[in-house]
Structures are given as structure tokens and as C-alpha cells.
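Given next are the chains, with one letter for each unit.
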Amino acid sequence: MKKMIALFLVVVSMLAAQDGNFGKNKVQYKPFNWSFIQTSHFDIYFYDGGTSIANFTAFAAESAYASISNTMRYQLNNRISIMVYNSHNDFQQTNVVGEYLEEGIGGVTELFKNRVVLPFEGSYRQFRHVIHHELVHAVMNDMFYGGSIQSIISNNIRIQLPMWINEGFAEYEALKWDTNSDMFMRDATINTYLPPIEYLNGYFAYRGGQSVFHYIANKYGEQKISEILHRMKSLRNVDAGFKSAIGLTVEELSDRWQKEQKVLYWPDVAKRDDPEDFASRLTNHVKENNFYNTSPALSPQGDKIAFISDRDDYFDVFIMSTIDNKITKIVDGQRTKNFEELHLLTPGIGWSPDGKKIALAAKSGDHDAIYIIDVKSGDEEKIEFPMDGIFTVDWSRKGDKIAFVGNSSSQSDIFVYDLASKQLKNITDDPFSDSDPVWSPDGKKIYFVSDRRDNLSGNMLPANFKMVRFNFRQLDVYSVDVESGAVTRITNDEESDETSPV
């Protein structure tokens, strides 16, 4: 009885945390004037400037639900609310969940009222993936738990799905199989750090769990996935659900799955060189007892490397000498108001031509800013723009301009900022997702990655063009003339390996 009372008190306190007046532990930078639109199964909430992404969400959500319902053989009993934020910085202010939503979190689904909360971060491809992924959680909450914490209590529901099922099935349903997961599984298998299914936690729950469901679909047929889920629900036990549906416990399935990974990836050992066979290791996360050494940027003179690392517990920016490997920290990240987050997933550190300064984007308060940092002294210059997000800064070879990705509530574009005149120019200005700008040596062009296909001019799109109906799965390399804005397609990768529905 005491345990039940304790559980009830915890639930009540957590429910109180969802109240709109709660959230004083989060910094609120601005008010949100919410509106909503409805579809057959969803209520989509948005605020000023978010109409276009709300309409995109409405179409993408119903499309995703059709796929999820077919795979799970299940129909929703309750409507689901989806709250869409125009940027990740706005998303971090939400009071739907109490936790701080760091930059690696692309969306969240809470159980109390089964609400989905997600930000638009410039890429419609990524946005659609996140919508699909989070809706899997919402449908599974509806199926297993009745769609709310109150239903769990009233129906005495005790089954707890492991993380690898929750996240792995959500990734499988959203992507089926993709190149990033294939690379991750190859590395984990070849280097023998792939754990059994029961220990697929953290990031392994996503990539490893996705691999497990991909294996089940290929080995037993995709229809077995719905059977496993329904058996788990009726038997109220994960292991019993698998045993009843495919004749294997999770442990037995794990042995077969791990053997299959070896069959798939071990032959690559003979085909591929190990990095240490042709390159010199400059950092070692095992000896340094950290996880990340990432985003390296070589100085123009080749004598220094700027990179991001968590070797001091936080994500900081370091400079390493390529001559004697001496490392110096120049930015304290995640603990100052200027560098709350360093955009670890889309960093792009740019060097000045003389190798004396670097430029990078970082979260600073309610928005992003570009910082120019003197490598020797650590002096900072802050450059701010009225944008929802700034990413991937590159410095021109002449040193007079910087290029970067700037996000609005409905698109991402390549921008150029003149350091002398302080003039800002939108180079692409269209609804397509643009990323990773790099200057040409003569400074006349910028190379970038985009999903625009043959749409080289945003001004020539049909009047009825809608991004939600556009096939944005394919990414290619383009160049844009800085003066005229003329875009040229450099690559044409018609063989896209992504299998998410469009």
C-alpha cells in the first residue's frame, strides 16, 4: 500500500509539472501565440511564423500514421496533439516536458497526455523523419498504455518496454534501413563492441534496435513485427511476446542476430584498411577517458587543428598543434552565456586565411550567433543576426567574407556576410534545404549540399509548388555564384539509399 501511495504522489507531482504555469526553471525568452489546425487524427499547434511547417506537419503526420498503422496493425483510439516549434532554440523553452532539451534531441513524446513536441531545424528531410519517429512512440503509447498516465494507473498496466524496442522500432518504421545505421553497425561489429540485444541502451538502442527489427522483417516477414507487439501486449511480457510470435526468447534472438551481423560485416575486414594503417592517430578517447573528439578543422598553414571535445566533461573547443600535438583550450562550452551549445552535430569551424582566428556558430541565449575567436589570446567578437538558427561557418580564402547556413521558420539558406561592410546577403533564398557551405579558392563560388534536385532557381518554382509533395530524399553537391546567385548542379546521385516514404 505504501508503494502505491508513493507512486501516486510521484505521478501527481509530475502531472503538475505539465501545467502551463510551471517551467520557471526554464528561461522563457518570449511569449508564444498558439494556433492550431486539425487533421483526421492530429491536432497540430503552431505559433507566429509557423503556418507553413504546420501544414507540412499535417500532411507528413497523416502519411506517417498510415504507414505505422499498417505495420502495427493498430488504429488510434485517441487524437494526438503535435506542438511544432520554429527552431530548436524555441523548442528548448517548452513546458510540455521539464527536462532541458539539448541540441541532440530532435523531438520528444510525453506520456502524460501523449503529446508530440518537435522543432523545425532547417531540413525537411530530417523534419519528416522526426515526425514519423515520434508518432511511432505516440501510437505505441496509445496501444500499450491507453495514451495517458491516468490510463496506466486505472488499468494497472505494468509492462515496460525496453529502450531498444521503443527507439529501435521507431527508427525502423521511419527509415526501414539507411546508410548511417549500416555504417554504425559495420563499425560496431567489426570492432567487436556490439552488445547483445538486452544491453542495447543509449545510442545503441536506436541503431542496434533498428537493426534488430530490420533483421526480423527480413528473416520472418514484416508482418511478424505487429504480431510480436500484440503478443507482448496481451501477455504483458516482452520475452513471452517474442517466444509466442517467433518461437525465440530475446536472448535466443540475440544470438542469431549477432551471428547475422558477423556474416554481413566481417568480410569487410579483408576489403577495408584500418585508419591506423594509413593515418596517424592524434587523439585517443580510451586513454583520455572521454567520448567525443570531433569536428576537426585544419588551419590553412596545416600547423594547427581546431576541434570539439568533451575531455573536460563539457563540450569545449581546442586547438592542437600538428607539430608537437600540444593541445590548448580556447572556448569553454556549455557553461557560459555566450557558448551554451556548440552545435556539435553541425559545427563547421572556419579558419581565417592567416591561421590566427577561427569562426564558429553557437547558441547564445534565445538565438544563435557567430563568434570570431583569436586563437592566441582567446579574444572574442560576436556577430548576431535575426535568424532562428545559424550553422556551419566557412571563412573565404581572401579573408573578407564568411559563409554560413541560416535558418528561418520554413527554410534554410546559404548566407554571406561581408566583414568590412557588415552587409549580409542571402545567396540561395528558396524553400530547399541547404547545408555545408565551402568557399572556392578564388572566392567567386560557394559549394554546398542541397535536396533541390533540378530546381536551380527559387524564383522559377511553379505557383502550386509544395515542399510536402516534393521528393527531397536525394542530396547532391551544388555551387552558387556569390554575385549572381546562379546555382549549378555538380553531382547527380539518382541512386538514393534512403527508404523512408515520401
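Every value quoted in this text rests on a predicted model; they were computed, and no experiment measured them. (Residues numbered from 1 in each chain as written. Predicted model: local features only at pLDDT ≥ 70, side-chain atom pairs only at ≥ 80, totals over all residues. Heavy atoms only, no water.)

## Looking at the overall build of the chain
Stage number 1. Scanning the chain from terminus to terminus reveals 14 helices and 21 strands.
Stage number 2. Counting all 502 residues of the chain, 50% fall into the buried class.
Stage number 3. As displayed, the chain has an accessible area near 24,400 Å², and 52% of this comes from carbon and sulfur atoms. (Helix = DSSP H or I, 4+ residues; strand = E, 2+ residues; numbered from the N terminus. Buried < 20%, exposed > 50% of the residue type's maximum accessible area, 1.4 Å probe, protein only. Areas by Shrake-Rupley, 256 points an atom, 1.4 Å probe, with all protein chains shown as cover.)

## Examining the packing of helix α4 (residues 124-145) against helix α6 (residues 163-175)
Stage number 1. As a packed pair, α4 and α6 sit with axes 8 Å apart at the nearest point and diverge in direction by 130°. Judged by the angle between their axes, α4 and α6 are oblique. Remark: the crossing between α4 and α6 carries right-handed chirality. The residues of α6 that touch α4, namely those facing His 129, His 132, His 133, Val 136, His 137 and Met 140, are Ile 165, Asn 166, Glu 167, Phe 169, Ala 170, Glu 171, Glu 173, Ala 174 and Leu 175.
Stage number 2. Residues of the contact of α4 with α6, tallied by class, amount to seven nonpolar, five polar and three charged. (Axes fitted to C-alpha atoms, helices over the stretch in contact; angles between N-to-C directions. Parallel < 35°, antiparallel > 145°, perpendicular 65-115°, else oblique. Left-handed = near helix turned anticlockwise from the far one by under 90°. Contact = heavy atoms within 4.5 Å. Nonpolar A, V, L, I, M, F, W, Y, C, P; charged D, E, K, R; others polar.)

## Structural notes on a nonpolar patch on the surface
Stage number 1. Residues Val 438, Tyr 447, Val 477 and Ile 490 make up a contiguous nonpolar surface patch of roughly 300 Å² in combined accessible area.
Stage number 2. Secondary-structure assignment places Tyr 447 in strand β19 (residues 445-450). (Patch = residues over 30% accessible without salt bridge, like charges linked within 9 Å, V, L, I, M, F, W, Y side chains within 5 Å. Salt bridge = Lys/Arg side-chain N within 4 Å of Asp/Glu carboxyl O.)

## Observations regarding helix α11 (residues 250-265)
Stage number 1. Between its first and last C-alpha, α11 extends 22 Å over 16 residues, near the 22 Å set by a 1.5 Å rise per residue.
Stage number 2. Contact partners of the buried residues in α11: α6, α7 (179-190), α8 (203-220), α10 (238-246) and α12 (268-271). (Expected span 1.5 Å × (residues − 1).)

## A closer look at the sheet that holds strand β12 (residues 367-374)
Stage number 1. Overall, antiparallel pairing links the four strands, which are arranged β10-β11-β12-β13 in an open sheet. Every other strand in the sheet has two partners, leaving β10 (350-351) and β13 (380-384) as the edge strands with one partner each.
Stage number 2. Looking at chain direction, β12 and β13 are connected through five bridges and run antiparallel. Paired with Ile 370 across the strands is Ile 383, a residue of β13. (Pairing = 2+ DSSP bridges.)

## Concerning the pairing of strand β15 (residues 401-407)
For a regular strand, side chains alternate in direction, first toward one face of the sheet and then toward the other.
Stage number 1. Most of β15 sits out of view: six of its seven residues are buried.
Stage number 2. Where strand β14 (residues 389-395) and β15 come together, five bridges link them in antiparallel fashion. Bridge pairing in β15 links Asp 394 to Ala 403.
Stage number 3. Adjacent in sequence and paired antiparallel, β14 and β15 are bridged by five residues, among which Gly 399 carries a positive phi angle near 85°.

## Points about the nonpolar core
Stage number 1. Core analysis: the largest hydrophobic core is formed by 73 residues, its most contacted members being Trp 164, Met 232 and Phe 242.
Stage number 2. Apart from residues lying up to four places away in sequence, Met 232 is in contact with Phe 144, Ile 159, Leu 161, Ile 165, Asn 237, Val 238, Gly 241 and Phe 242.
Stage number 3. One finds Ile 330, Ile 349, Leu 360 and Val 375 within the second-largest nonpolar core, a separate group that totals 19 residues. (Core = buried A, V, L, I, M, F, W, Y, C linked by side-chain atoms within 4.5 Å.)

Without other data, these values stay purely geometric and don't point to any function.
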